[in-house]
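Observations on the model geometry
Given next are the chains, with one letter for each unit.
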Amino acid sequence: MLFTLMTILLVLNFIGLIPFVYGPTSNIWISASLAVVFWSMLIFSGWVKFPMESAAHFAPSGAPNLFIPFLVIIETVSILIRPLTLTIRIIANISAGHIIMGLIATSLTACSFLALGPVITVHIGYNMFEIFVCSVQAYVFSLLIKLYGEEHPVLVSS
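Residues numbered from 1 in each chain as written. Predicted model: local features only at pLDDT ≥ 70, side-chain atom pairs only at ≥ 80, totals over all residues. Heavy atoms only, no water.

- Looking at an unreviewed UniProt entry, the protein chain carries the name ATP synthase subunit a, with the source organism given as Phyllidia ocellata.
- The UniProt entry for the protein chain carries this comment under Sequence similarities (unreviewed entry): "Belongs to the ATPase A chain family." (UniProt positions renumbered as here; feature names shortened; annotations may be inferred.)

Below, the structure written as structure tokens:
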């Protein structure tokens, strides 16, 4: 599943590198939908299959009784903010790269013939950097989903 998710994100990110094509992962609805769907699958499956273990995750064992209400609040906020951080991370990084590529492309039309060589060199270098960023963002999104999945409660046999 994670390999498929990463492949889909790679394709969506690379689509945004095509000139005059809007990158799907730059869209808040697409990125938020991916983040919420995968996050909610993990949360709901944990609560449905292992409700006691999921509830126990909110207060670590050995914590002083005085701190348990605060730990529950902090852990709840931490869990609820995850889809937002997944969404913002991919949108910000992909959109920023596309904006800079657009600025470099605009400078290509405004530069003189003598400056054309250095600007094209910068543009090619930045395009290669954007390919790297698109790959890293797909990997990071998939990696975070994997890390969130590792917190999924499991049945401990005794």
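**A closer look at the overall build of the protein chain**
- Each helix and strand counted, the protein chain has six helices and zero strands in total.
- The helix and strand sequence of the protein chain, counted from the amino end, reads α-α-α-α-α-α.
- Relative to its length of 158 residues, the protein chain is extended, with a C-alpha radius of gyration of 21 Å against a globular reference of 15 Å.
- Dimensions of the protein chain along its principal axes, counting C-alpha atoms only, are 75 × 35 × 25 Å.
- Each of the 158 residues in the protein chain was classed as buried or not, and the buried ones make up 30%.
- Put simply, 74% of the contacts in the protein chain that link residues at least 6 apart link residues at least 24 apart.
- Surface accessibility of the protein chain: about 10,000 Å² in total, with carbon and sulfur atoms responsible for 79%.
- Averaging the coordinates of the 4 positive side-chain charges in the protein chain and doing the same for the 5 negative ones gives two points 3 Å apart. (Helix = DSSP H or I, 4+ residues; strand = E, 2+ residues; numbered from the N terminus. Rg over C-alpha atoms; globule rule 2.2 N^0.38 Å. Buried < 20%, exposed > 50% of the residue type's maximum accessible area, 1.4 Å probe, protein only. Contact = heavy atoms within 4.5 Å. Areas by Shrake-Rupley, 256 points an atom, 1.4 Å probe, with all protein chains shown as cover. Lys, Arg positive; Asp, Glu negative; His and termini not counted. Charge placed at Lys NZ, Arg CZ, Asp CG, Glu CD.)

**Overview of the environment of Phe-50**
- Mapped onto the fold, Phe-50 is located in the loop between α2 (28-49) and α3 (51-56).
- Remark: the alpha-carbon pair of Phe-50 and Ser-112, spanning 62 residues in sequence, is separated by 66 Å.

**Some thoughts on α2**
- Over its 22 residues, α2 extends 31 Å from the first C-alpha to the last, a length consistent with the 32 Å expected when each residue adds 1.5 Å.
- For α2, the set of buried residues is Ser-31, Leu-34, Ala-35, Phe-38, Trp-39, Ser-40 and Gly-46.
- Here the buried face of α2 lies against α1 (2-15), α3, α4 (68-80), α5 (82-110) and α6 (116-150). (Expected span 1.5 Å × (residues − 1).)

**A word on the UniProt feature "transmembrane region" (unreviewed entry) in the protein chain**
- The UniProt entry lists residues 5-22, 28-50, 62-84, 90-116 and 128-148 under the feature "transmembrane region" (unreviewed entry), expressed in the numbering used here.
- Annotation note: span residues 5-22, helix share 61%, strand share 0%, distance between end C-alpha atoms 20 Å.
- In the segment residues 128-148, helix accounts for 100% and strand for 0%; the C-alpha atoms at its two ends are 31 Å apart.

**Focus on the environment of Ile-8**
- Assignment of secondary structure puts Ile-8 in helix α1.
- Each C-alpha atom, one on Ile-8 and one on Phe-44, is 23 Å from the other, the two residues being 36 residues apart in sequence.

**Let's talk about the packing of α2 against α6**
- Where α2 contacts α6, the axes come no closer than 10 Å and their chain directions differ by 20°. In terms of axis orientation, α2 runs roughly parallel to α6. Considering how the two elements wind past one another, α2 and α6 form a crossing that is right-handed. On α6, the residues touching Leu-34, Ala-35, Phe-38 and Leu-42 of α2 are Phe-141, Ile-145, Tyr-148 and Gly-149.
- By residue class, the composition of the contact of α2 with α6 is seven nonpolar, one polar and no charged. (Axes fitted to C-alpha atoms, helices over the stretch in contact; angles between N-to-C directions. Parallel < 35°, antiparallel > 145°, perpendicular 65-115°, else oblique. Left-handed = near helix turned anticlockwise from the far one by under 90°. Nonpolar A, V, L, I, M, F, W, Y, C, P; charged D, E, K, R; others polar.)

**Section: the side chain of Ser-26**
- Of note, Ser-26 is situated in the loop between α1 and α2.
- The buried category is assigned to Ser-26, whose relative accessible area is 9%.
- Beyond its immediate stretch of four places on either side in the chain, Ser-26 contacts Ile-91, Ile-94, Ser-95 and His-98.

**Details of the packing of aromatic side chains**
- A full pass over the atoms with the stated rule returns two aromatic pairs.
- Judged by centre distance (6.0 Å) and plane angle (35°), the rings of Trp-47 and Phe-58 are tilted. Linking Trp-47 in helix α2 with Phe-58 in the loop between α3 and α4, this pair joins segments that are eleven residues apart in sequence.
- Exposure remark for Phe-58: the relative accessible area of 16% places this residue in the buried category. (Phe/Tyr/Trp six-rings, centres within 6.5 Å; stacked < 30°, edge-to-face > 60°.)

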